[in-house]
Amino acid sequence: APTEARLLAVDVNATGTGYAVGAFGTVLRTADWGRTWQTVSLDWEALTGDWAEPHLYDVQVDGAGTVTLVGEFELVIRSSDGGTSWQRLHQGRRSLFGLASAGKGHLVAVGQEGLILTSADDGATWRERPSGTGAILPDVWARPGGRMVAVGIYTILESDDGGASWHADRSEATRSGWHLAVTGAGGGRDPSHVVVVGSGATVLSIED
């Protein structure tokens, strides 16, 4: 990679277009399944009104190559032209660590202080949802139909209505670990269960 910065997330679509993001506004792009990478430069002052280069924590690339990034200051930004130009979709005060798409323009992002944001119009507008927790939420998973799972420090939250409301899992396994990443498993667009991984090499399976 053409950088020495910490890289914190990567995503590649089905055509081999991908992005990696990380510390101090680092953005890399590949068009060949990761064999080669190029640095993408962003005008942060124009995007955020500040000279600071925010850490970027997650990235999603859709089938058309449109890329959406989240990071510090509740930043959500997007490029639809290969990283040449960028649009700011949201900005605030906390950090966003995880981003997921449920399809048909439904997005969810999670972060500091139990922050959960949802969008039903492909990121044009965002709404904060009550999470019932102040825990750091590093990751979120979503699927078409409304089911979502957010994970965090001693916390696993679930939603069955597209992120409008959330309820906490109260099991001992949830309350005894730091849960850092979540994904669907079982194949297809409608996985049979959700897998959560975290501290102490813990792997949890959440059945429907």
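Higher on the page you've got the structure.
Rules behind the numbers
Residues numbered from 1 in each chain as written. Predicted model: local features only at pLDDT ≥ 70, side-chain atom pairs only at ≥ 80, totals over all residues. Heavy atoms only, no water. Salt bridge = Lys/Arg side-chain N within 4 Å of Asp/Glu carboxyl O. Helix = DSSP H or I, 4+ residues; strand = E, 2+ residues; numbered from the N terminus. Buried < 20%, exposed > 50% of the residue type's maximum accessible area, 1.4 Å probe, protein only. Polar contact = N/O pair within 3.5 Å; in protein donor to acceptor, adjacent residues only side chain to side chain. Contact = heavy atoms within 4.5 Å. Phe/Tyr/Trp six-rings, centres within 6.5 Å; stacked < 30°, edge-to-face > 60°. Pairing = 2+ DSSP bridges. Axes fitted to C-alpha atoms, helices over the stretch in contact; angles between N-to-C directions.

## Regarding the pattern of salt bridges
Under the definition given, this model contains six salt bridges. Across the pair Arg94 and Glu74 runs a salt bridge whose closest N-O atoms are separated by 3.0 Å. Highlighted residues: Arg94 in the loop between strand S8 (87-90) and strand S9 (96-103) and Glu74 in the loop between strand S6 (67-71) and strand S7 (75-79), separated in sequence by 20 residues. The partner of Asp122 in a salt bridge is Arg78, with the nearest N and O atoms 3.5 Å apart. Of this pair, Asp122 sits in the loop between strand S11 (116-119) and strand S12 (127-128) while Arg78 sits in strand S7, placing them 44 residues apart in sequence. Given a relative accessible area of 39%, Asp122 falls into the partly exposed group. One network of salt bridges, in which partners are shared, links Glu74, Arg94 and Glu128.

## Observations concerning the side chain of Thr30
Counting through the fold element by element, Thr30 comes out in strand S3 (residues 27-30). Within the structure, the side chain of Thr30 is placed 2.8 Å from the backbone oxygen of Thr36, a separation counted as a polar contact. Ignoring any residue separated from it by four or fewer positions in sequence, one finds Thr30 in contact with Gly16, Thr17, Gly18, Arg35, Thr36, Trp37 and Gln38.

## Concerning the packing of aromatic side chains
In this structure the tally under the stated criterion is two aromatic pairs. When the ring of Tyr57 is compared with that of Phe97, the centres are 4.8 Å apart and the planes differ by 75 degrees; the resulting orientation is edge-to-face. Placement of the pair is Tyr57 in strand S5 (residues 56-61) and Phe97 in strand S9, with a sequence separation of 40 residues. For Phe97, a relative accessible area of 18% corresponds to the buried category. Note on Tyr154 and Trp178: the rings are 6.4 Å apart at their centroids and 90 degrees apart in plane angle, and the pair reads as edge-to-face. With a gap of 24 residues between them, Tyr154 in the loop between strand S14 (148-152) and strand S15 (155-159) and Trp178 in the loop between helix H2 (172-175) and strand S17 (179-185) connect regions that are remote in the sequence. A relative accessible area of 44% means that Tyr154 is categorised as partly exposed. Taking relative accessible area as the criterion, Trp178 reaches 43% and is therefore assigned partly exposed.

## What to know about the sheet that holds S8
Spatial strand order, S5-S6-S7-S8: four strands in an open sheet with antiparallel pairing. Whereas interior strands pair on both sides, the edge strands pair on one side only; in this sheet they are S5 and S8. Adjacent strand axes in the sheet meet at a mean angle of 25 degrees, parallel and antiparallel pairs treated alike. As defined by bridge partners, S5 adjoins S6 across five bridges and the pair is classed as antiparallel. Note on S6: the bridge partner recorded for Val61 is Val67.

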